[in-house]
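Listed here are the chains, written in short residue letters.
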Amino acid sequence: QVQLVESGGGLVQAGGSLRLSCAASGRTFSNYAMAWFRQAAGQEREFVVVVSASGLITYYADSVKGRFTISRDNAKNTVYLQMNSLKPEDTAVYYCAADQGYNSGSYFRETRYDYWGQGTQVTVSS
């Protein structure tokens with residue numbers, strides 16, 4: 001069973017930056033597509049970004065394009081989310097998720113993913 005542990009959340013002023021990390025257990029991390037989702041208070045969980053197992057293909061939600069960057073270090077079993085130019089609307093609990101590639105469905109839907117982290121709170125003040 002894959003375990004995912006997020007870190008790096010916190011409180012930041014609008015325009016600031018945070019870097020989230022998600023560390024995965026297991027020996028097959030390099031075979032997983034990895035995604036970040038977020039859920040604001042009172043809202044549904046929404047897709048943020050996904051990166052392919054190779055790290056060569058990414059897709060970003062329009063709301064974060066140009067501000068957020070996903071990367072992965074397969075040797076360290078870790079995926080990162082660099083968040084710049086943060087806005088109050090980015091305030092949410094951020095979750096990482098792993099897709100082993102055997103389920104059907106859109107990469108942009110949470111039902112695609114097999115494993116989830118516990119989430120880390122990001123709060124952006126204005």
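Residues numbered from 1 in each chain as written. Predicted model: local features only at pLDDT ≥ 70, side-chain atom pairs only at ≥ 80, totals over all residues. Heavy atoms only, no water.

What about the state of the cysteines?
Stage number 1. The tally for this structure, following the rule as stated, stands at one disulfide.
Stage number 2. Between the sulfur atoms of cysteine 22 and its disulfide mate cysteine 96 the distance is 1.9 Å. Its torsion about the S-S bond being 50°, the disulfide of cysteine 22 and cysteine 96 is classed as right-handed. Of the two residues, cysteine 22 is situated in strand β3 (residues 18–24) and cysteine 96 in strand β9 (residues 92–99); the sequence distance between them amounts to 74 residues.
Stage number 3. With a relative accessible area of 0%, cysteine 22 lands in the buried category.
Stage number 4. Classification of cysteine 96 as buried rests on a relative accessible area of 0%. (Disulfide = S-S within 2.5 Å. Helix = DSSP H or I, 4+ residues; strand = E, 2+ residues; numbered from the N terminus. Buried < 20%, exposed > 50% of the residue type's maximum accessible area, 1.4 Å probe, protein only.)

Thoughts on the sheet that holds strand β1 (residues 4–7)
Stage number 1. Ordered in space as β1-β3-β8-β7, the four strands form an open sheet in which the pairing is antiparallel. The open sheet terminates on both sides in strands that have one partner only, identified here as β1 and β7 (68–73). Looking at each pair of strands side by side, their axes are set apart by 15° on average, direction ignored. (Pairing = 2+ DSSP bridges. Axes fitted to C-alpha atoms, helices over the stretch in contact; angles between N-to-C directions.)

Thoughts on the nonpolar core
Stage number 1. Membership of the largest hydrophobic core comes to 37 residues, with the highest contact counts inside it found for Leu4, Met34, Trp36, Met83 and Tyr94.
Stage number 2. Elements that contribute at least two residues to this core include exactly β3, β4 (33–39), β5 (46–51), β7, β8 (78–83), β9 and β11 (120–125).
Stage number 3. Not counting residues up to four positions away in its chain, the partners in contact with leucine 4 are Cys22, Ala23, Ala24, Met34, Cys96, Ala97, Ala98, Tyr115, Trp116, Gly117 and Gln118. (Core = buried A, V, L, I, M, F, W, Y, C linked by side-chain atoms within 4.5 Å. Contact = heavy atoms within 4.5 Å.)

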